[in-house]
Amino acid sequence: MNMLSGQFILFLYCVLTVFLTENMKLFSISYVIILVLSIILSSLSYFLLNKYFTLVTSAIYVILSLVFPDFIIMFPLIIYNAATFTGWQIPAIFTASAAVLVFNINETGYMPCCITILGVVFACYIQYIQHKLNSLVLQFNKTRDDSTEHAILLEIRNKSLLEKQDYEIYNATLKERNRIAREIHDNVGHLLSRSILLTGALKAVNKDENCKEPLNNLHEALDQAMTSIRESVHNLHDESINLKESIENIVNNFNFCNISFTYDMGTDIPHEIKFSFISIVKEGLNNIYKHSNATDASILLREHPAMYQLVIKDNGNTASNADAREYLHETRSNSGIGINNIASRISLLNGSLQIHTDNGFCIFITIPKT
């Protein structure tokens, strides 16, 4: 039950009380004025929900009842409006209402006063039930919101744990590939190298024409095996590169200025892009160290649905747009390092390179996915 429903029930109660006790006065001008006034006050109390307005108007209504006893017929509705706001004012108004009823009992009669008192008690009871119901609703909403928030936090935590687990598996896989590559290089590679040297020595000292062809075939087979092993080791090593850890190590070893590093890329990154980004980051930080007076820098690595993005930015003010264009032109036209190195690597990957010097020095690189 809301406030409007309670007001409507008590209004009907008051009208019914007048109809049963004073049937002929219900349609008199004074009673119509009282009904209209009570409707106006109740409506304002409902729409404004202002504590002081409701309490003051209720108190004025009680005072009017001392002068015009007919006003007591709407006491239940007025008291209900005032009871919406708890505090010491409510008992005071209730006491004043009872005093007015007792004061006017001779003029209004015992029956109307008793019915009005019952109405006031009924109004207070309705307001009490409504208050308890509102408290339960608020408690329910709070519990529901807390449960929803807890569920969202759990979902975020589970997602974070899954991402961390996936990254740990990915990192462990890369470390295992690197270990296997080292094992093959240190053990199988050395054995094959030794075998190739031995077959070469046998070929040099061999005098038997019947053994010459088999030794040549053996030496060629060992060379092919060595080539295959070397390619496998290089492939395993390339695949075992952890781009995030590599960039973090570079950043941690750079002490010229503060660097913020943001990494937002997946795990399935082509090894040529990994090596290019690592080299570009090294070159970019080297340029900051040599040519910039920056105090803060940032590195952003981000993967988009159709491209990879690398942004290296610092807050140095030693470069301008003209300097950047001139530097880029000079380094591209010569065989030097620096921006020329970066531009060459990006060109091989069909990417784009942009340089901005509006607020510091910024290298903006995008490489499309193939």
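Everything numeric here is computed off the predicted structure, so don't read it as measured data.

Procedures and definitions
- Residues numbered from 1 in each chain as written.
- Predicted model: local features only at pLDDT ≥ 70, side-chain atom pairs only at ≥ 80, totals over all residues.
- Heavy atoms only, no water.
- Helix = DSSP H or I, 4+ residues; strand = E, 2+ residues; numbered from the N terminus.
- Buried < 20%, exposed > 50% of the residue type's maximum accessible area, 1.4 Å probe, protein only.
- Contact = heavy atoms within 4.5 Å.
- Areas by Shrake-Rupley, 256 points an atom, 1.4 Å probe, with all protein chains shown as cover.
- Core = buried A, V, L, I, M, F, W, Y, C linked by side-chain atoms within 4.5 Å.
- Pairing = 2+ DSSP bridges.
- Right-handed = clockwise from strand over helix to strand, strands pointing away.
- Axes fitted to C-alpha atoms, helices over the stretch in contact; angles between N-to-C directions.
- pLDDT = per-residue confidence, 0-100.
- Polar contact = N/O pair within 3.5 Å; in protein donor to acceptor, adjacent residues only side chain to side chain.
- Parallel < 35°, antiparallel > 145°, perpendicular 65-115°, else oblique.
- Left-handed = near helix turned anticlockwise from the far one by under 90°.
- Nonpolar A, V, L, I, M, F, W, Y, C, P; charged D, E, K, R; others polar.
- Phe/Tyr/Trp six-rings, centres within 6.5 Å; stacked < 30°, edge-to-face > 60°.

**A look at the overall build of the protein chain**
Moving on, step 1. Within the protein chain one finds twelve helices and five strands.
Moving on, step 2. Per-residue burial over the protein chain gives 35% buried out of 370 residues.
Moving on, step 3. Nonlocal contacts in the protein chain, meaning residues at least 24 apart in sequence, comprise 71% of its contacts between residues at least 6 apart.
Moving on, step 4. Approximately 22600 Å² of the protein chain is accessible, and the part contributed by carbon and sulfur atoms is 61%.

**Re the environment of L202**
Moving on, step 1. By the element assignment, L202 lies in helix α7 (residues 110–205).
Moving on, step 2. Its relative accessible area of 45% is what places L202 among the partly exposed residues.

**Some details on the nonpolar core**
Moving on, step 1. If you look at the biggest cluster of nonpolar residues, it comprises 35 residues, and the most contacted ones within it are F277, L310 and I365.
Moving on, step 2. Among the elements of the structure, α9 (243–252), α10 (271–291), β2 (296–303), β3 (307–314), α12 (339–348), β4 (352–356) and β5 (361–368) are those that each provide at least two residues to this core.
Moving on, step 3. Top contributing element to this core by residue count: α10, with seven residues.
Moving on, step 4. Setting aside chain neighbours within four positions, we find L310 in contact with F277, I280, V281, I299, L300, L301, I363, F364 and I365.
Moving on, step 5. Core analysis: the second largest hydrophobic core is formed by 24 residues, Y31, L35, F71 and I79 among them.

**Some words on the pairing of β3**
Moving on, step 1. Of all eight residues that make up β3, six are buried, and the element is covered over most of its length.
Moving on, step 2. In terms of strand pairing, β2 meets β3 through seven bridges, oriented antiparallel. In the strand pairing of β3, L300 is matched with V311.
Moving on, step 3. Examined bridge by bridge, β3 and β5 share eight bridges and lie antiparallel to one another. When the bridges of β5 are listed, I312 appears paired with I363.

**Brief notes about the pairing of strand β1 (residues 258–264)**
Moving on, step 1. Strand direction decides the pairing type here: β1 and β2, joined by seven bridges, are parallel. Within β2, the position partnered with D264 by the bridge is R302.
Moving on, step 2. Regarding the hand of the β-α-β motif, the stretch spanning β1, α10 and β2 is left-handed.

**A word on the sheet that holds β2**
Moving on, step 1. Strand order in the open sheet formed by five strands is β1-β2-β3-β5-β4, and the pairing between neighbours is mixed. The outermost strands of the open sheet, each flanked by one partner alone, are β1 and β4. Along the sheet, successive strands turn relative to each other by an average axial angle of 10 degrees, direction set aside.
Moving on, step 2. Running at roughly 175 degrees to β1, α9 makes contact with β1 and β2 of the sheet.
Moving on, step 3. Docked against the sheet, α10 engages β1, β2, β3 and β5, running at close to 10 degrees with respect to β3.

**Side note on the confidence of the model for the protein chain**
Moving on, step 1. When pLDDT is averaged along the protein chain, the result is 77, and 80% of the positions lie at 70 or above.
Moving on, step 2. Note that pLDDT drops below 50 for residues 330–336; the model gives that stretch eight contacts with residues more than four away or on any other chain.

**Observations regarding the side chain of S292**
Moving on, step 1. Mapped onto the fold, S292 is located in the loop between α10 and β2.
Moving on, step 2. One polar contact links the side chain of S292 to the main-chain amide nitrogen of A294, over a distance of 3.0 Å.

**Remarks on the packing of α9 against α10**
Moving on, step 1. With their axes 10 Å apart at the nearest point, α9 and α10 run at an angle of 15 degrees to one another. With respect to each other, α9 and α10 are oriented roughly parallel. Relative to α10, α9 is oriented so that their crossing is right-handed. Each of L243, S246, I247 and I250 in α9 lies in contact with α10, whose residues at this interface are K274, F277, I278, V281, K282 and L285.
Moving on, step 2. Residue classes in the contact of α9 with α10 are distributed as seven nonpolar, one polar and two charged.

**A few points about the packing of aromatic side chains**
Moving on, step 1. This structure, assessed with the given rule, holds three aromatic pairs.
Moving on, step 2. The interplanar angle of 55 degrees and the centroid separation of 6.2 Å between the aromatic rings of F261 and Y263 together place this pair among those described as tilted.
Moving on, step 3. Here F261 falls in the partly exposed class, since its relative accessible area comes to 23%.
Moving on, step 4. Looking at Y263, the relative accessible area reads 22%, which means it is partly exposed.

**A look at the packing of α10 against α12**
Moving on, step 1. Here α10 crosses α12 at 160 degrees, and the two axes come no closer than 10 Å. Taken together, the axes of α10 and α12 are roughly antiparallel relative to one another. For the crossing formed where α10 meets α12, the hand is left-handed. On α12, the residues that touch S276, S279, I280, E283 and N287 of α10 are I339, N341, I342, R345 and I346.
Moving on, step 2. When grouped by side-chain class, the residues that make up the contact of α10 with α12 number four nonpolar, four polar and two charged.

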